[in-house]
There are 2 protein chains.
Amino acid sequence: MTELLKLQNQMCFPVYALAREIINHYRPMLDELELTYPQYLVLLVLWEQEKQTVNQLGEKLMLDSGTLTPLLKRLEQKGIVKRERSTADERVVFISLTEQGKALETKATCIPEQLMQSLNMSMEDMIQLKSISDKILKAV
Amino acid sequence: MTELLKLQNQMCFPVYALAREIINHYRPMLDELELTYPQYLVLLVLWEQEKQTVNQLGEKLMLDSGTLTPLLKRLEQKGIVKRERSTADERVVFISLTEQGKALETKATCIPEQLMQSLNMSMEDMIQLKSISDKILKAV
DNA sequence: CAAAATTAAATTGTACACAATATAATTTTA
DNA sequence: TAAAATTATATTGTGTACAATTTAATTTTG
């Protein structure tokens, strides 16, 4: 058996499994807002800048229109975002927050702290995980 | 705007994005074997021990039967694994490698090395990423 | 300027993930 | 030992991901 093919020697597996595990920890908190984790990410980006194109959202979240279009339509259905085509360039669709979408931010403020408690990770580990994955993400 | 709700302050996002990015780097190599990344993970586990229950696979990969059952049926369709109910306990389904499934291991031997080249990461970063995510995964 | 190339979103199709539930078999317990 | 609880897998339904293609609009180029 080739040593490099053993599960415990895989580099991607713990990253993949950890991402899913953290998302599972988010679930009870996001359930209360009736949001999925990717929907929450879209809102994080919109709370920073309330009107953006699908393309801008996609670049920040590294997601394409095949993922975002249906996700954004679901957020629109819920009355959280508005979708409107640019008049200047009709290929472009602007996504903006509704009042309801803006109001959700208040309900979400406690989530980061709640998540840290739920994960029960040390601050050092948290910082190390974030900095190494940020660094690698930037490089690849 | 609450500082903790900014995308660049999220701890999970880079992990989630990096996992997807690494899987995208695997894609061209796995395409040649006509495997998806989760299917490849199942084979890694089976190459270590060629006959296991669905439950054992699920524990090692942190996946439930809702994910594994259809995935394993697809691998069975391709002639890579065999599925058979235990006679001792008819609730249990054993998954084992076919000759074709065993033969795939040879074709996969170069993948770990190819992936590292594709990612072009330093060995230190790779080791740091793996050790911190292994550590956190164990703890949560 | 008109044809060709590019761009932005949407659509289609396949394959995960996972919650919730169902089914059937085995263990536990009263 | 029969009913209750547990266990293993399967099924159903929703929501991503992403490749490939389509559509429509804009830019570039001959």
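The name an unreviewed UniProt entry gives chain A is HTH-type transcriptional regulator SarZ, with Emticicia agri as the organism.

Peer 1: It is not clear to me how the overall build of chain A should be interpreted in this structure. Could you clarify?
Peer 2: Scanning chain A from terminus to terminus reveals 7 helices and 3 strands. Traced from its N-terminal end to its C-terminal end, chain A shows the element sequence α-α-β-α-α-β-β-α-α-α. Taken over the C-alpha atoms alone, chain A extends approximately 60 × 35 × 25 Å along its principal axes. When the 140 residues of chain A are sorted by exposure, 48% land in the buried category. For chain A, contacts bridging at least 24 residues in sequence account for 52% of all contacts bridging at least 6. Across chain A, the 17 positively charged side chains and the 19 negatively charged ones have centroids separated by 5 Å.

Peer 1: What exactly am I supposed to notice about the UniProt feature "domain: HTH marR-type" (unreviewed entry) in chain A here?
Peer 2: The sites that UniProt annotates as "domain: HTH marR-type" (unreviewed entry) are residues 8-138 of chain A. Taken end to end, residues 8-138 of chain A is 68% helix and 10% strand, and its first and last C-alpha atoms sit 25 Å apart.

Peer 1: So what exactly am I meant to see when it comes to the protein's contact with DNA strand D here?
Peer 2: Near DNA strand D, the surroundings consist of 29 residues, among which Thr36 of chain A together with Tyr16, Thr69, Lys73 and Arg83 of chain B are the closest. Here DNA strand D approaches the protein such that, of its atoms within 4 Å, sugar and phosphate make up 79%. Val54 of chain B has a polar backbone atom sitting 3.5 Å from a phosphate oxygen of DNA strand D. Contacts to DNA strand D include Thr69 of chain B, whose side-chain N or O atom sits 2.7 Å from a phosphate oxygen. The set of elements that each furnish at least two residues to the surface near DNA strand D consists of helix 2 (37-48) and helix 4 (65-77) of chain A together with helix 1 (12-32), helix 3 (54-61), helix 4 (65-77) and strand 2 (81-85) of chain B. Its residues assigned to classes, the surface near DNA strand D shows 8 nonpolar, 10 polar and 11 charged.

Peer 1: Even after reading the chapter, I still don't get the packing of aromatic side chains, so can you show me in this structure?
Peer 2: By convention here, two paired aromatic rings are described through the distance between centres and the angle between planes. Evaluated as defined, the whole model comprises 10 aromatic pairs over all chains. Taken together, a centroid distance of 6.3 Å and an interplanar angle of 50° make the contact between Phe13 of chain A and Tyr16 of chain A tilted. With a gap of 3 residues between them, Phe13 of chain A and Tyr16 of chain A both fall in helix 1 (residues 12-32), about one helical turn apart. Looking at Phe13 of chain A, the relative accessible area reads 8%, which means it is buried. Residue Tyr16 of chain A is classed as buried on the basis of its relative accessible area of 12%. Feature note: the residues Phe13 and Tyr16 of chain A together with Tyr26, Tyr37 and Tyr40 of chain B constitute an aromatic cluster, connected by ring pairs. If you follow Arg20 of chain B out to its NZ or CZ, it ends over the ring of Tyr16 of chain B, 4.3 Å from the centre.

Peer 1: Honestly, the sheet that holds strand 2 of chain B in this entry has me stumped. Any pointers?
Peer 2: Think of a sheet as strands paired side by side through backbone hydrogen bonds, with each pair either parallel or antiparallel. Residue and element names in this part refer to chain B. Across the sheet, 3 strands lie side by side as 1-3-2; this open sheet has antiparallel pairing. The open sheet terminates on both sides in strands that have one partner only, identified here as strand 1 (51-53) and strand 2. Taking the axes of each pair of neighbouring strands and ignoring which way they run, one obtains an average angle of 25° across the sheet. For strand 1 and strand 3 (residues 93-97), the ladder comprises 3 bridges, and the chain directions are antiparallel.

Peer 1: For this particular structure, what's the right way to read the environment of Ile22 of chain A?
Peer 2: Looking at where Ile22 of chain A falls in the secondary structure, it is placed in helix 1. The spatial distance from the C-alpha of Ile22 of chain A to the C-alpha of Lys102 of chain A is 25 Å, given a sequence separation of 80 residues. The contact partners of Ile22 of chain A, leaving out residues within four places of it in the chain, are Leu115 and Leu119 of chain A together with Met11 and Cys12 of chain B.

Peer 1: Would you mind showing me how to read unusual backbone geometry here?
Peer 2: In this model, Glu34 of chain A sits at a positive phi of 55°, which is unusual for a non-glycine residue. Here Glu34 of chain A shows up in the loop between helix 1 and helix 2. Owing to a relative accessible area of 61%, Glu34 of chain A belongs among the exposed residues under this scheme. Here the phi dihedral of Asn120 of chain B falls at roughly 55°; this positive angle occurs in a residue that is not glycine.

Peer 1: Is there a simple way to think about the relation of the copies chain A and chain B in this case?
Peer 2: Its rotation angle being 180°, the transformation that places chain A on chain B also includes 0.0 Å of axial translation and leaves an RMSD of 0.0 Å. Both chain copies can therefore be described as sitting about a two-fold axis. Among all C-alpha atoms of chain A, that of Val15 of chain A lies closest to the rotation axis, at 3.2 Å.

What counts, and at which threshold
Residues numbered from 1 in each chain as written. Chains lettered and ligands numbered in written order. Predicted model: local features only at pLDDT ≥ 70, side-chain atom pairs only at ≥ 80, totals over all residues. Heavy atoms only, no water. Helix = DSSP H or I, 4+ residues; strand = E, 2+ residues; numbered from the N terminus. Buried < 20%, exposed > 50% of the residue type's maximum accessible area, 1.4 Å probe, protein only. Contact = heavy atoms within 4.5 Å. Lys, Arg positive; Asp, Glu negative; His and termini not counted. Charge placed at Lys NZ, Arg CZ, Asp CG, Glu CD. UniProt positions renumbered as here; feature names shortened; annotations may be inferred. Near = heavy atom within 4 Å. Polar contact = N/O pair within 3.5 Å; in protein donor to acceptor, adjacent residues only side chain to side chain. Nonpolar A, V, L, I, M, F, W, Y, C, P; charged D, E, K, R; others polar. Phe/Tyr/Trp six-rings, centres within 6.5 Å; stacked < 30°, edge-to-face > 60°. Lys NZ or Arg CZ within 6 Å of the ring centre and 35° of its normal. Pairing = 2+ DSSP bridges. Axes fitted to C-alpha atoms, helices over the stretch in contact; angles between N-to-C directions. Least-squares fit on C-alpha atoms with pLDDT ≥ 70 in both.

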